[in-house]
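So you can see what is in the structure, the chains are spelled out below.
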Amino acid sequence: MVNFEKDIEQSLKVLHDGGLILYPTDTVWGIGWDATNEKAVEKVYRLKKRSDEKAMIVLLADERDVLKYVASPDLSVFDYLEGATKPTTVIYDDAIGLAENLVGKDGSIAIRICEEPFCKHLLKRFRKPVVSTSANISGQPAARLFTDISTEIKEGVDYLVNYRQDDTTVAAPSSVIRWQNGKVQVLRP
C-alpha cells in the first residue's frame, strides 16, 4: 500500500483550520475544504473566479453518510450506483447540515461517494464532508493531471497533497445524475 499518512495528517490540519487543499480524487484533481465551512466556500469562489451560483460537489466516504446530509433520500439510488461503471455524482434534493452558500438555491446538493484510497481515508478521518471542485480557474479545462494545474491555483491553496503528483493516468470528470422519485436523469454521461 502506498503511504500517504503525512499527506492525510497535513490535509486534516488544514481542513480543521478552515483552509484549502489541492488533492487527487477518484476523478480529476480538486480543490477541497470542509463542506460545513461557509468562509472556506467563499475563498474557493474567489480563487476559481467563479460565480457563486455554480454548484460544487461534496465527497463522502460511504452511503450512510448521505443520510447525514440529505433529508429523506431515496435509498434505491444506491442500487443504481452499484451498477455504475465510473464515478457518479448524484444531485439530491433537500440538503442539510452543509454550508448554506454551498447548497443550491433549490435546496439541492451534488454528492459523490468516493472510492479513491487517499480520499476515502481523508473523509473517514475528517468525519465531515469535503468539497471537491476541479482545480482550475472557472472556464478553463479540468486538471486531469497534477501538471495541468495552474500556478495561480497551486499558490491559492494552503496545502498541496504530494500523493499521486507523478501519476500520468489521465482522469475524467464524474458522471452526473439527478435522482427523483426513483427515476434517473443523466445530466453528464
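As the structure is a prediction and not an experimental result, all values here were calculated from the model. (Residues numbered from 1 in each chain as written. Predicted model: local features only at pLDDT ≥ 70, side-chain atom pairs only at ≥ 80, totals over all residues. Heavy atoms only, no water.)

Caption draft 1: Representation of helix H1 (residues 5-16) in the model. Between its first and last C-alpha atoms H1 spans 16 Å; for twelve residues at 1.5 Å apiece the expected length is 16 Å, and the two agree. Burial in H1 covers these residues: Asp7, Ile8, Ser11, Leu12, Val14 and Leu15. Considered in projection along H1, the buried side chains sweep an arc of 165° and stay on one side of the axis. Residues of H1 that are exposed and point over 90 degrees away from its buried face: Lys6 and His16. Contacts made by the buried residues of H1 are with strand E1 (21-24), strand E2 (29-34), helix H5 (117-126), strand E6 (130-134) and strand E7 (159-160). Of the residues flanking the end of H1, it is Gly18, one or two places downstream, whose phi is positive at about 80°. (Helix = DSSP H or I, 4+ residues; strand = E, 2+ residues; numbered from the N terminus. Expected span 1.5 Å × (residues − 1). Buried < 20%, exposed > 50% of the residue type's maximum accessible area, 1.4 Å probe, protein only. Arc of directions from axis to C-beta. Contact = heavy atoms within 4.5 Å.)

Caption draft 2: Broad picture of empty space enclosed by the protein. Scanning the model with the defined rule gives one cavity of 30 Å³ or more in all. Of the volumes computed, that of the largest cavity is approximately 40 Å³. Residue lining of the largest cavity: Thr27, Trp29, Arg144, Leu145, Arg164, Asp167, Thr169 and Ala171, and that is the complete set. Here the residues of the lining of the largest cavity sort into three nonpolar, two polar and three charged. (1 Å grid on protein atoms, 1.4 Å probe; cavity = no way out; pocket = protein on both sides within 12 Å on 5 of 7 lines; lining within 4 Å. Points joined across faces, edges and corners; volume = space filled by probe spheres on them. Nonpolar A, V, L, I, M, F, W, Y, C, P; charged D, E, K, R; others polar.)

Caption draft 3: Summary view of the packing of aromatic side chains. Applying the stated rule across the entire model yields five aromatic pairs. Here the aromatic rings of Phe4 and Tyr163 are separated by 5.0 Å at their centres, their planes lie at 65°, and the arrangement is edge-to-face. Here Tyr163 lies in the loop between E7 and strand E8 (175-180) and Phe4 lies in the segment before H1, a separation of 159 residues in the sequence. Here Phe4 and Tyr163 have matching classes, each one buried. Between Tyr80 and Trp179, the aromatic rings sit 5.6 Å apart at their centres with planes inclined by 50°, giving tilted as the arrangement. With Tyr80 in helix H4 (residues 77-82) and Trp179 in strand E8, this pair connects stretches of sequence that are 99 residues apart. With a relative accessible area of 11%, Trp179 lands in the buried category. One aromatic cluster is present, built from ring pairs that chain together Phe4, Phe118 and Tyr163. (Phe/Tyr/Trp six-rings, centres within 6.5 Å; stacked < 30°, edge-to-face > 60°.)

Caption draft 4: Quick look at the side chain of Ser174. Assignment of secondary structure puts Ser174 in the loop between E7 and E8. Separated by 3.3 Å, the side chains of Ser174 and Arg112 make a polar contact. Leaving out residues up to four positions away in the same chain, Ser174 has contacts with Thr27, Ile57, Lys86, Pro87, Thr88, Thr89, Arg112 and Arg188. (Polar contact = N/O pair within 3.5 Å; in protein donor to acceptor, adjacent residues only side chain to side chain.)

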